[in-house]
Amino acid sequence: MLRYFTSSDLQIARLPRPLSRNYHSEKGVWGYKPSPRREFQVAEDVRASRNSQGNVYRFVEAFRQHGHKLATVNPISIRASKEELQELSPAFYGLQTQDSVRTAGLLSGPQVAQDVAQLEQLLKDIYCGRSASAEFSNVEDIEEREWLARNFETLDQQQLQNAEKCEIAELLIKSQAWDNFMALKFPTVKRYGGEGAESMLAFFWQLLRDSVQANIEHVVLAMPHRGRTPLQAALLNMRPAKVFRKLSGASEFPEDIEAMSDVISHFHVSEQLQVLGKNLNFSMVRNPSHLEAANPVAMGKTRSKQQMRGEGAFGDSDSQPFGQHVLNVILHGDAAFAGQGINQECLNMAYVPHFEVGGSLHLIVNNQVGFTTPGERGRSTAYTSDLAKSIQAPVFHVNGDDPEALARITNLAFRYQREFRKDIFIDLNCFRRWGHNELDDPTFTNPLVYKIVHQRESVPDLYAQQLAKEQVLSESQAKEMRDNYMKYLGEELALAPTYQPPPSYFEKQWKDLQLASSKELTYWDTGLDYSLLHYIGQQSVAFPEDFNIHPHLLKTHVTARLKKLENGAKIDWATAEALAIGSLMYQGHNVRISGEDVGRGTFSHRHAMLVDQQTNEMFVPLNSMEGGNGGKLELAHSILSEEAVLGFEYGMAIDNPNNLIIWEAQFGDFANGAQIIIDTFIVSGETKWMESNALVMLLPHGYDGAASEHSSCRIERFLQLCDSKETAPDGDSVNVHIVNPTTPAQYYHVLRRQLARNFRKPLIVVAPKTLLRLPAATSTHEDFQPGTLFHNVLGDTIVKAEQAKKVILCSGKHYYNLAEEREKRQAYDTAILRLESLCPFPVQELKAQLAQYGNVQSFVWSQEEHRNMGAWTFVRPRFENLIGQQLHYCGRCEAPTPATGIGKVHKREVDEIVAAPFEL
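Residues numbered from 1 in each chain as written. Predicted model: local features only at pLDDT ≥ 70, side-chain atom pairs only at ≥ 80, totals over all residues. Heavy atoms only, no water.

Trainee: Whenever I open this one, the sheet that holds strand 20 (residues 806–810) confuses me. Can you help?
Mentor: The strands making up a sheet are joined through hydrogen bonds of the backbone, oriented either antiparallel or parallel. Strand order in this open sheet of 5 strands is 19-21-20-23-24, and the pairing throughout is mixed. Because the sheet does not close on itself, it has two edges, and the strands there are strand 19 (793–794) and strand 24 (888–892). Packed on one face of the sheet, helix 26 (residues 872–883) meets strand 20, strand 21 (830–835), strand 23 (858–866) and strand 24 and runs near 165° to strand 23. Across the sheet, helix 27 (residues 903–919) touches strand 20, strand 21, strand 23 and strand 24, and the angle it forms with strand 24 is around 165°. (Pairing = 2+ DSSP bridges. Helix = DSSP H or I, 4+ residues; strand = E, 2+ residues; numbered from the N terminus. Contact = heavy atoms within 4.5 Å. Axes fitted to C-alpha atoms, helices over the stretch in contact; angles between N-to-C directions.)

Trainee: Where do I start with the nonpolar core in this structure?
Mentor: Within the largest apolar cluster, 110 residues are counted, with the highest numbers of intra-cluster contacts made by F152, M200, F203, F204 and L331. In terms of residue count, helix 5 (residues 162–185) provides more of this core than any other element does, 10 residues in total. Within the second largest apolar cluster, 79 residues are counted, among which are A298, C722, Y853 and A871. (Core = buried A, V, L, I, M, F, W, Y, C linked by side-chain atoms within 4.5 Å. Buried < 20%, exposed > 50% of the residue type's maximum accessible area, 1.4 Å probe, protein only.)

Trainee: What exactly am I supposed to notice about the packing of aromatic side chains here?
Mentor: For any pair of aromatic rings, the description consists of the separation of the ring centres together with the inter-plane angle of the planes. As enumerated under the stated definition, the model contains 30 aromatic pairs in all. When the ring of Y485 is compared with that of Y488, the centres are 5.9 Å apart and the planes differ by 40°; the resulting orientation is tilted. Here the residue Y485 and the residue Y488 both occupy positions in helix 15 (residues 475–495), the gap between them amounting to 3 residues, near one helical turn. The exposure class assigned to Y485 is buried, which follows from its relative accessible area of 5%. The class for Y488 is partly exposed, based on a relative accessible area of 28%. The interplanar angle of 55° and the centroid separation of 5.6 Å between the aromatic rings of F859 and F879 together place this pair among those described as tilted. Of this pair, F859 sits in strand 23 while F879 sits in helix 26; the two residues are 20 residues apart in sequence, bridging distant segments of the chain. (Phe/Tyr/Trp six-rings, centres within 6.5 Å; stacked < 30°, edge-to-face > 60°.)

Trainee: Explanation requested: the packing of helix 16 (residues 530–539) against helix 17 (residues 551–567) in the structure shown.
Mentor: Axes are the key here: two packed helices are described by the angle between their axes and the distance separating the axes. It is at 10 Å that the axes of helix 16 and helix 17 come closest, and there the two elements cross at 175°. As judged from the angle between their axes, helix 16 and helix 17 are roughly antiparallel. Mapping the contact onto sequence places Y530, H534, G537 and Q538 in helix 16 and R561, L562, K564, L565 and E566 in helix 17. Considered class by class, the residues forming the contact of helix 16 with helix 17 number 3 nonpolar, 3 polar and 3 charged. (Parallel < 35°, antiparallel > 145°, perpendicular 65-115°, else oblique. Nonpolar A, V, L, I, M, F, W, Y, C, P; charged D, E, K, R; others polar.)

Trainee: Which parts of the structure should I look at to understand the sheet that holds strand 15 (residues 660–664)?
Mentor: Read across the sheet, 7 strands follow the order 14-11-15-16-18-17-22 without closing on themselves; strand pairing throughout is mixed. Looking at the sheet topology across the chains shown, the edges are occupied by strand 14 (633–637) and strand 22 (837–839). Across the sheet, the mean angle from the axis of one strand to that of its neighbour is 20°, orientation sign disregarded. Two elements, strand 16 (residues 696–700) and strand 18 (residues 763–767), share 5 bridges in a ladder whose sense is parallel. Each bridged residue has a counterpart across the sheet, and for L698 the counterpart in strand 18 is V765. Across the sheet, helix 18 (residues 573–586) lies against strand 11 (591–595), strand 14, strand 15 and strand 16, angled at about 135° from strand 11, the strand it touches most. The strands that helix 23 (residues 744–756) touches are strand 15, strand 16, strand 17 (737–739) and strand 18; relative to strand 15, the one it contacts most, it runs at about 130°.

Trainee: Looking at this structure, I do not really get the pattern of salt bridges. What am I missing?
Mentor: One side chain can pair with another of opposite charge once the charged atoms of both are near each other. All chains considered together, the criterion is met by 45 salt bridges. E153 is the partner of R64 in a salt bridge, and the nearest nitrogen-oxygen pair spans 2.8 Å. Taken together, the positions of R64 in helix 2 (residues 54–66) and E153 in helix 4 (residues 142–153) put the pair 89 residues apart, joining distant regions of the chain. Residues R64 and E153 agree in their burial class; the two are buried. Members of the salt-bridge network, linked through shared partners, are R303, R592, E634 and E649. (Salt bridge = Lys/Arg side-chain N within 4 Å of Asp/Glu carboxyl O.)

Trainee: Whenever I open this one, the packing of helix 6 (residues 200–213) against helix 7 (residues 228–235) confuses me. Can you help?
Mentor: With their axes 11 Å apart at the nearest point, helix 6 and helix 7 run at an angle of 45° to one another. Here helix 6 is positioned oblique relative to helix 7, judged by the angle of their axes. By crossing handedness, the relation of helix 6 to helix 7 is classed as right-handed. Seen from helix 6, the contacting residues are L201, F204, W205 and L208; seen from helix 7, they are L231, A234 and L235. Class assignment for the residues of the contact of helix 6 with helix 7 results in 7 nonpolar, no polar and no charged. (Left-handed = near helix turned anticlockwise from the far one by under 90°.)

Trainee: How should the environment of H701 be read in this particular structure?
Mentor: One can find H701 in the loop between strand 16 and helix 22 (715–721). The sequence separation of H701 and V765 amounts to 64 residues, and the corresponding C-alpha distance is 9.5 Å. Not counting residues within four places of it along the chain, the set of residues in contact with H701 comprises S711, S712, C713, I715, V766, A767, P768, K769, K813, E864 and E865. Here the side chain of H701 touches E865 through a polar contact of 2.6 Å, side chain to side chain. (Polar contact = N/O pair within 3.5 Å; in protein donor to acceptor, adjacent residues only side chain to side chain.)

Trainee: Teacher, can you tell me more about the pairing of strand 11 here?
Mentor: Working note: regular strand, side chains alternate between the two faces of the sheet. Within strand 11, 5 of the 5 residues are buried, leaving the element largely enclosed by the surrounding structure. Neither face of strand 11 is left uncovered, since the one carrying V591, I593 and G595 and the one carrying R592 and S594 both have all their residues buried. Pairing of strand 11 with strand 15, which is carried by 5 bridges, proceeds in the parallel orientation. Residue pairing in the sheet places R592 in a bridge with I661 of strand 15. One ladder, built from 5 bridges, connects strand 11 with strand 14; its direction is parallel. Looking across to strand 14, one finds that I593 is bridged to L635.

Here it is in structure tokens:
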């Protein structure tokens, strides 16, 4: 019987950090708690034994370090037996086989060796001879190494009961039966079954049991497509009829839902399971075909659930920096784990403040082939798991033919994760019975491997035969399990035509929300009484009397903001942001801003975090604001990553609709590094999976002479990704909302609108750089009062409508250049309209504005981007089709890169594009 947890196992007084780290707060801030180091000493009698037998101890340590190299963990090896290693020879340490030894203090458990020969055999049995091996010499912390050695060396003492073996066997048989049934009934379907890796069911069987014993209440899983549907059907309560209905050509959602849906290998479950008489919430995050992309999403969702529970870094207790009731689990493919850079990013985030989730439990399903590439050609390392060493994570290698060994290792890995709250890996060496999919022929490129695979029996059959020999499960009982499940699947197939999938969205924390309207654009009053905003603004720059603030910030940030608030005028971008965030917090919403150096802001404008100039202690003023409903601000300074970090924020956003989650790119073009997350999750997640989110992306944009990379956030790409219509007015239901605001008040309203609406949509903000401090780009207190809102179009307040003969339309910061040029020319016959919202395209507001201009003879679209970039190709067809007027272009000509790197050319272009609309 494997060892399970009791509640006393979880009373850990002090938790370790993987490395000593300095952070801006030794006291802790909301979302981060420092972890005091644990105190650990090797027992004196153990040290004495090791010191008195120095060479013997070196011999034992050699097996702990190198034993895995000789372990029999590959079920389909095409190589001859491995050579002996000189490091594992007693003679290498000056030992003779007949030399006497004392194992006390050297090995754990009841094993006893009288001489070196017996010790060598013991070590071979433990570290080389069974179906599991261990790598943990890379772990620097001595307590962890001692713990791992002790528990791995006593692993065989934990045996399964017969009833438990039968439960595992039944799950393996069901997995195989599922794949056989699918092959029989749907022979042309790429199902990405689990054949060859069925023993992963033993991993989940053990994981669920350990979880409820440890009082975990929610498991969040990221998993690729291989073996996904048999796992869901056999263990996670997914109705097979749902899959069969899908394969008949129907949707996995109710018929009244307009969704584009996804393939069966991307199906997910969110279920409350019954395990050992206890409830366990289990959610599998959605995944696209981009392998490993779902991993940071699961991490973010896990952290969100810890936050919602108010535990760990978000709780009041000082003793526990991590929550105790939510566990993150990630499955990897072998080639993908070694090859996809997002894994390095995720591991690098694992112990970073504001991103850590208290350790993840990883299982690598090691097929030993990536598409058609042999494993050793798909990486430069010995093992596919070697990336785990970058964060000193222990790795266990397991033979996939031994589900019991996998169950024991799963329990060991689980206990390590609970004890030390760090990441740990299991490398499950198995195989893929068919090719990349069931319609592929892998013998083209891997003939020797697949000669072995095709000649050998399946994992479930081998295990059933083993249990039959042990007289635990007879052949007839195994056949009955198989027949019963095949019969059940047949019944589900018969029900598929009439099966109606239940709604799987807008439940629990989402129950008060709905899908956005496809018929209209809605407007939301996001203004507040200025006396409240004045108070919030003051609190955004308040700091304790003994806090040593930077003198420059005191003058230019604190004192300047207080003056602006008092006057109610010249309110700048950063102040408006603080008012939006602070007011949401006052109303009880939590806000998180993530990105590189977001506390200060890339352009040194935000300063939502202050740092004591003498102690280095960090202080977040808004988190000390009194009154209101207790919302908090988390400033998450991220690693230099876009893909994994944005995926993490998406995971938080899909889990809780009541929090405002903001990701700020250092410059807008940094979004390029996160394109997989943008394409496959943010802009398409709702139509594929009915999964809404209100994630905000701030993308600083503007042609300021910074050459190509930092000039453009590639507006055109986001506009291409939206499903706005060219020939009919948009409703709120467009998949992503894209705005290019020109005033601080507009920014304030669009942030508050994210949580004010009764639906959730991702928001792309084409964010400013120069407007952050431009005197003309400010707002007054009237712009924030009750009754005010975000305007999709800002009209012209300078030119009289009856005098206008030309209308220039533009978006974003370019407006201020045009307005300045108009003033120079005194061209008061030219009106300038600002499209603050690009998607949804504001047809009705635009018509209402243009209706004033009865004498206009021409309409011009002016932009600073090149013609093949920016919003031109998006705006033109909508304007001409829906407004019914021809639109002329003024801007830079076509180019292969966003901006020139030649200063003189940039200046000439600026002059030309500003003048052109007035001279057309």
